Amino acid sequence: NGVKSVVSNGPYADFLIVSARISGKKNSRDGIALFAMNKNTPGVQCDDYVTIDGRRASEITFSEVKLDLDALISSDSGILDKLLDRACFAVCAEALGAMRRLVAMTIDYCQQRKQFGQPIGSFQVLQHRMVDMYIALELSQSLLLATANAISVESDDQKRLLSALKFKVDKSARIISYGAVQLHGGIAMTDEFAVGHYFKRLTLIGKQFGNADFHLERYRNYNAVNTSAGEVG
C-alpha cells in the first residue's frame, strides 16, 4: 500500500521497480526492499501527466497489491543507495550537456544580434555575464570528471564528491539558464526556441535525487564524519 509520486517515464513502462519497507521503523535506512512488478498488477493505478520539462511522469497508487516471493530483487539497503547515487550522477552529466549547449547558443546569439549598429556581444557588461556563465560551466565539468574518477575506482570519497557535484551543478544551472534567458530576451520563452526547454529541464533536474540544500547538508555530514574519524585515528 502507498503512493509513488513523479515517477519518470511511468506512462511508457511495462514493469515497475518499486521500493517498499518490509521491516524496521519509518525513518530507518534499513528494511527497504526492491520489487519488480507488472504495471497491470491488480491494485496498481497510474495517473499519467506531463511534467514542466515536457516529459511524462506518473502518480502511482498501490492498494492491497500482492506479489509472489520471486518479485523480490533485493533487500540490501546499500544497493538502493548505490542506485540513487548513480542516478544522481547521470542527471548531473545530463545537466552539464544542457548547460554547455546554453552557453554555446548564448555566445552565438550575442555575436549575431545587433543593437546600436554593433553586436550586443561587444558590450562589456554582457561579456562579463557570459564569462560568469562559462566559469560556472567549467567548474561543474571539473567536478564531474573528479566524481566520475572516484566512482570508477570506488573511492571512499565518491559520496562526498557526488554531493558536491550535485550542489555545484544546481547552482551553475541557475546561473547559466537564467543568463541564457535574459541575454536572449523574449525569444528564449517561446516553445519554438530550445533555450526555454533547456531552462525547464535544468529546473527539474535541480529537484531530482536531492536539491542543492539536501546535498549541501549531506556534504557537511560526510565532512564531519571524516574529520571525527581522523581525530580518533
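Provided above is the structure to which this section pertains.
All of the points below concern the structure found in this document.

On to the overall build of the protein chain. Tallying secondary structure elements over the protein chain gives 5 helices and 8 strands in all. Going residue by residue from the N terminus, the α and β elements of the protein chain occur as β-β-β-β-β-β-α-β-β-α-α-α-α. In terms of principal-axis extent, the alpha carbons of the protein chain reach across some 70 × 55 × 25 Å. Out of the 233 residues in the protein chain, the part that is buried amounts to 34%. Sequence separation of at least 24 residues holds for 67% of the intrachain contacts in the protein chain that already meet a minimum separation of 6. Carbon and sulfur atoms provide 55% of the accessible area of the protein chain, an area that totals close to 14000 Å².

Right, let's talk about the side chain of K39 for a bit. Here K39 is to be found in the loop between strand 3 (32–38) and strand 4 (44–50). The buried charged residue K39 lacks any salt bridge, with D48 as its nearest oppositely charged partner at 5.4 Å. Setting aside anything within four residues of it in sequence, one finds K39 in contact with G10, P11, Y12, A13, D14, F15, L16, V44 and C46.

Let's shift gears to the packing of aromatic side chains. One pass over the structure, following the stated rule, counts 1 aromatic pair. Relative to F199, the ring of Y178 has its centre 5.4 Å away and its plane inclined at 40°; by these criteria the two rings are tilted. Highlighted residues: Y178 in helix 3 (residues 158–184) and F199 in helix 4 (residues 194–205), separated in sequence by 21 residues. By relative accessible area, Y178 is classed as partly exposed at 34%. Using a relative accessible area of 23% as the deciding quantity, one classes F199 as partly exposed.

With that settled, consider helix 3. Residues separated by three or four positions in an α-helix point in the same direction, a consequence of the helix having 3.6 residues per turn. The end-to-end C-alpha distance of helix 3 is 37 Å, a good match for the 39 Å that 27 residues give at a rise of 1.5 Å each. A positive backbone phi angle near 80° is found at G185, which sits one or two residues after helix 3.

The subject of this paragraph is the nonpolar core. Membership of the largest hydrophobic core comes to 36 residues, with the highest contact counts inside it found for M99, L165, I176, V195 and L202. Of all the secondary structure elements, the ones that give two or more residues to this core are helix 1 (77–112), helix 2 (124–152), helix 3 and helix 4. Of all the elements, helix 1 adds the most residues to this core, at 12 residues. For I176, the residues in contact, after removing those within four places along its chain, are M99, L102, V103, M133, A136 and L137. Counting 7 residues, the second largest nonpolar core, distinct from the first, contains A13, V44, I60 and F62.

Before going further, it helps to spend a moment on the sheet that holds strand 2 (residues 15–21). Pairing is antiparallel in the open sheet, where 3 strands are placed in the order 2-3-6. Among the strands making up the open sheet, the edge pair consists of strand 2 and strand 6 (72–74). Across this sheet, the average inter-strand angle for adjacent strands is 35°, counted without regard to direction. Relative to strand 6, strand 3 is paired through 2 bridges, and the arrangement is antiparallel. Bridge pairing in strand 6 places F35 opposite L72.

Residues V131, I135 and L139 make up a contiguous nonpolar surface patch of about 250 Å² in total accessible area. Here V131 lies in helix 2. Classification of V131 as partly exposed rests on a relative accessible area of 44%.

Direction of pairing for strand 2 relative to strand 3: antiparallel, over a ladder of 7 bridges. In the sheet register, L16 faces strand 3, and the bridge partner there is M37.

Conventions adopted
Residues numbered from 1 in each chain as written. Predicted model: local features only at pLDDT ≥ 70, side-chain atom pairs only at ≥ 80, totals over all residues. Heavy atoms only, no water. Helix = DSSP H or I, 4+ residues; strand = E, 2+ residues; numbered from the N terminus. Buried < 20%, exposed > 50% of the residue type's maximum accessible area, 1.4 Å probe, protein only. Contact = heavy atoms within 4.5 Å. Areas by Shrake-Rupley, 256 points an atom, 1.4 Å probe, with all protein chains shown as cover. Lys, Arg positive; Asp, Glu negative; His and termini not counted. Salt bridge = Lys/Arg side-chain N within 4 Å of Asp/Glu carboxyl O. Phe/Tyr/Trp six-rings, centres within 6.5 Å; stacked < 30°, edge-to-face > 60°. Expected span 1.5 Å × (residues − 1). Core = buried A, V, L, I, M, F, W, Y, C linked by side-chain atoms within 4.5 Å. Pairing = 2+ DSSP bridges. Axes fitted to C-alpha atoms, helices over the stretch in contact; angles between N-to-C directions. Patch = residues over 30% accessible without salt bridge, like charges linked within 9 Å, V, L, I, M, F, W, Y side chains within 5 Å.

The analysis is restricted to geometry; functional conclusions fall outside its scope.
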